[in-house]
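# Results of the structural survey
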Amino acid sequence: MASFVSAGLIGISLGAQYALLALGFTLIFGILGVVNFAHGGFYVLGGYAAYSCVTFLGLPYPLAVVAAMLATGALGYVFELFVVERVVDDHLATLMLTLGLYLMIGTGIQAVYGPESPQFGFPVTGTLRFAGFYMPLENLVVLAVCLVAIAGVYALMYRTDLGRGLRALADNRQVAATQGLRPKLLFPLAFALSCGLAGLTGALVTPILSLGPLVGEPVLAMAFLTVILGGFGSIIGATVAAFLVGLIEAYSVVYLGGSKGALALFVLVLVVLIVRPSGLFGKEARGA
Amino acid sequence: MARFSQFGGEIAAIAILGLSFLVPFVTDSPFVYSTQNLIAVAVTAAFSVYIMLRMDLLTFAVPAFMAIGGYAAAIAGLKGGIVDSFALTALSFIAPALVALPLGILILRLRGIYFVLVTFLLTQILQLLIFETPDLTGGTNGLVGMPATTLFGIELADNRAVLLLAIGVAFAAAVITALVSVWLRREFAAIEENEVLAQSLGLVVWRYKVIGFVAAAGLAGMAGFSLVNMLLTAHPTSFSPQSSVNYIAYTIIGGRGSMLGPLVGATLLVWMSSIFSTHGEFSEGLYGLLIVVVVLAARGGIVGTLAAGYRRLSGQWRAGGSAAPIVGTVKEAAHERG
């Protein structure tokens, strides 16, 4: 029973991380129609940015996390404005551009920091014991920050004019544009928001999991799984599916062992594609 | 997209690969042998990406299908005692094609983005599957000790014979690619130019996408067999998910408008990587940069840009890019296939 509860807590904590990543990914897809292959790259970049701030600038960790989020967001803004924007309606071209950026980020990190994983630990350590089950404190901190960030994204998307504008663009770009919304202003902002979320997740999670030039790839795969399960472009779908994926992964590690959880998730995705291709909350997904 | 003449790219690619059979007889430099062997594998795999790109689909599944083909051939050699090169090549084509068929029917009816993401996941998953099935695939140890392959009963054991087999596989892959792209030329063009229009005029788009996907999977499988035969081992690291972007890079940078593109791209980039192998960690970043340059500045890649330059020099202008010929192509294709 104790291990059941512990695994559940770990699963929720994982789910919160996946939700932040998947939210960013699905926002860009919903609003711009762009599949951002560099999303995993921004996650890695966020980790290295926080690491550099702590190690070389001596900043306290919370400030480093904020700095990492701002830095990745700024890079995303610039990349959208000057590169992606030029071919934004060509799905294949944007896919290739973001893939190219991902490769350059990976090589850039290797060139600056080397291929080995740097020493980057979480500042809070210890374990919370409560009624027989236990949970590492750093996971709790990450979970709390992730939940606040998710709430922030929801508040931004559903309670502000910027969010309403972004959702309008996602619903129907042409109508939104005739109503006075300017894609050229909002697209880079949306990209910055999404990349900033990936950077935030990286800064938070890499000290616990691991930091290295290649850690972005499995993370990207998890974001893909989540977004297919939740339904493309759906904010609620991405959130719900992320927690589902996190729980399945945590429980399968405990009860099945090894990588069977990832295999089970892949099979689940195939089943969803057969039964309900639009995903759990696919109503908001874009048509062809 | 500009093409030389109607089938110029296909003919040129097959001819060049045919001529490359001569290289092992001209030199016996180990550097040339190993590099040409790697190029032969890379070209075969890049053809797989090329076929999918003809339909505006980006595939990350090449390493997955390479693994299926390569392991199928290795297991057939180890456990079934099959050593005939033709049988093994055919097996390495058929095994991944059989996996691709149901998967393609499932995901190619959906929007293109599903295809991209599922192929990405497939490559990640196949690695795990190899680790989870040590009895069949050898797990992390891989499979070693395959018997040497034979051609008409003659054992292909020395370096030259292995290289000749790799060139032979690449040549066969080129012929298959040419046949598919000539056979479905109009359907592919219709899908690439305007899928919605093609569909509205009665072309059953997903059916042709599935045919292309099955062929592409088979080609990747042949590349996997070629790689396993060269390394004398079937090992999960040969089919890493990261390698999928290499094959994409070869095709896009070489040029996706002509069959010469993947050939030129794979040859140049593999050759470059062999020369600068001490700085191998930077090759991916270079590929990334070149992909960005191609997308923003030189849509046709190396081959397309050179061809456009040549046409401009020789003054052969051809009108292109208007809607009328596209509708014509789509209508023609829809009419013929019903």
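All figures in this text were calculated on a predicted structure; none of them were measured in a lab.

### With respect to the overall build of chain B
Counting secondary structure elements, chain B contains 16 helices and 4 strands. Viewed in the frame of its principal axes, chain B has a C-alpha envelope of about 60 × 45 × 40 Å. Burial analysis of chain B (338 residues in total) assigns 52% to the buried set. Taking the intrachain contacts of chain B between residues at least 6 apart in sequence as the baseline, contacts between residues at least 24 apart amount to 81%.

### Focus on the interface of chain B and chain A
Taken together, the contact between chain B and chain A spans 34 residues of the former and 40 residues of the latter. Residue assignment for the side of chain B that touches chain A shows that the elements contributing at least two residues are α5 (85-107), α6 (112-132), α12 (244-254) and α14 (283-297) of chain B. When residues of the side of chain B that touches chain A are assigned to their parent elements, the largest contribution, 13 residues, is made by α6(B). Residue composition of the side of chain B that touches chain A, grouped by class: 25 nonpolar, 4 polar and 5 charged.

### Some remarks on the UniProt feature "transmembrane region" (unreviewed entry) in chain A
Residue and element names in this part refer to chain A. In the UniProt entry, the feature "transmembrane region" (unreviewed entry) is given for residues 12-35, 42-59, 65-84, 91-113, 133-157, 185-209, 221-246 and 253-275. Secondary structure content for residues 12-35 is 88% helix and 0% strand, while the C-alpha to C-alpha distance between its ends is 26 Å. The span residues 185-209 is 84% helical and 0% strand by assignment, and the distance between its end C-alpha atoms comes to 36 Å.

### Thoughts on unusual backbone geometry
Residue and element names in this part refer to chain B. Despite not being glycine, D56 shows a phi value in the positive range, around 60 degrees. Position of D56 relative to the elements: it lies in the loop between α3 (30-54) and α4 (62-79). For D56, a count of 17 C-beta atoms within 10 Å translates into the label partly exposed. Positive phi values are uncommon outside glycine, yet L232 reaches one of about 60 degrees. Note on placement: L232 falls in the loop between α11 (205-231) and β4 (233-234). Classification of L232 by C-beta neighbours within 10 Å gives partly exposed; the count is 13.

Criteria and cut-off values
Residues numbered from 1 in each chain as written. Chains lettered and ligands numbered in written order. Predicted model: local features only at pLDDT ≥ 70, side-chain atom pairs only at ≥ 80, totals over all residues. Helix = DSSP H or I, 4+ residues; strand = E, 2+ residues; numbered from the N terminus. Buried ≥ 20, exposed ≤ 12 C-beta atoms within 10 Å, placed from the backbone. Contact = placed C-beta atoms within 7 Å. Nonpolar A, V, L, I, M, F, W, Y, C, P; charged D, E, K, R; others polar. UniProt positions renumbered as here; feature names shortened; annotations may be inferred.

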